[in-house]
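Residue-level structure breakdown
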Amino acid sequence: MDTNKFEYQIERITNPSESLQEDLWKRLHDYSISKLGDDSLSSKEFFAILVKKGETLIAASLCYLFFKGLNLQLLWVAEEKRGQDLGTKLLLEIEQEAIRLGATLVFGYSFGFQAPKFYTKLGYEEVGIIPNFPEGQNCYFLCKKLTKDSP
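Residues numbered from 1 in each chain as written. Predicted model: local features only at pLDDT ≥ 70, side-chain atom pairs only at ≥ 80, totals over all residues. Heavy atoms only, no water.

1. Considerations on the packing of aromatic side chains
For any two aromatic rings, the description comes down to two numbers: the centre-to-centre distance and the angle of the planes. To keep it simple, the criterion reads: A pair of aromatic rings is counted whenever rings of Phe, Tyr or Trp (Trp by its six-membered ring) have centres within 6.5 Å, and the orientation is called stacked for planes under 30 degrees apart, edge-to-face for over 60 and tilted otherwise. Only DSSP runs of H or I with at least four residues qualify as helices, and only runs of E with at least two residues qualify as strands; both kinds are numbered from the N terminus onward. Each residue is assigned to one of three classes by its accessible area relative to the maximum for its type, calculated with a 1.4 Å probe on protein chains only: buried under 20%, partly exposed between the two thresholds, exposed over 50%.
The full count for this structure, using the stated rule, is 11 aromatic pairs. Considering the side-chain rings of Tyr109 and Phe141, the 6.1 Å spacing of their centres and the 50° angle between planes classify their relative orientation as tilted. Here Tyr109 is found in strand E4 (residues 105–111), whereas its partner Phe141 is found in strand E6 (residues 139–145), with 32 residues between them in sequence. Look at Phe141 and you get partly exposed, because its relative accessible area is 31%. Geometrically, the ring pair formed by Phe111 and Phe113 is stacked, given 5.5 Å between the ring centres and 5° between the ring planes.

2. Digging into the UniProt feature "domain: N-acetyltransferase" (unreviewed entry) in the chain
Spelled out, the test is: UniProt positions are given in the numbering used here, feature names are shortened, and annotations may be inferred rather than shown by experiment.
Taken from the UniProt record, the annotation "domain: N-acetyltransferase" (unreviewed entry) applies to residues 11–147. Helix makes up 29% of residues 11–147 and strand 36%, and the two end C-alpha atoms of the span are 44 Å apart.

3. Concerning the nonpolar core
Across soluble globular proteins, nonpolar side chains show a tendency to be buried alongside one another. Defined as follows: Within this scheme, the nonpolar core is defined by two criteria: the residues are buried Ala, Val, Leu, Ile, Met, Phe, Trp, Tyr or Cys, and they are joined through side-chain atoms within 4.5 Å. Any two residues whose heavy atoms approach within 4.5 Å are treated as being in contact.
Counting residues in hydrophobic clusters, the biggest one holds 23 residues, and the most contacted among them are Leu70, Leu72, Leu91, Ile94, Val106 and Tyr119. Broken down by secondary-structure element, the contributors of at least two residues to this core are strand E1 (44–53), strand E2 (56–66), strand E3 (69–77), helix H2 (86–100) and helix H3 (116–121). By residue number, the principal contributor to this core is H2, which donates six residues. Excluding residues that lie within four positions of it along the chain, Leu72 makes contacts with Ser61, Leu62, Cys63, Leu91, Ile94, Val106, Phe107, Gly108 and Tyr119.

Structure, rendered in structure tokens:
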């Protein structure tokens, strides 16, 4: 009998529960903090900032703060509200919240058909690119270092 042989079960879950997601992120975060050796990096928070008119959602963001960096997972503005500086105001609000939470940078990505120029116009630096993803487009990785004076 081969004692070095292990049997594994692989399972695919569609729409994993919030508790499973939290558990997996916690496991990875705890491991990462143990390797970084800096407890000041242990703060983490997942949050959304919403812009509503009455009960109607007109803009929103999803953000995940970890290692003193804020991962801007998405920023969305209703199509009929674009071009009215709402995205800029929301992004500035996100940056102020990031600073309040102790973040030193904001990072995320935008596809070429979305708004990479919006971010670079507001001080974000292109730090990477996946060419031809999705096909015929590019995916841009963007980052902005924050200071207490950052608008």
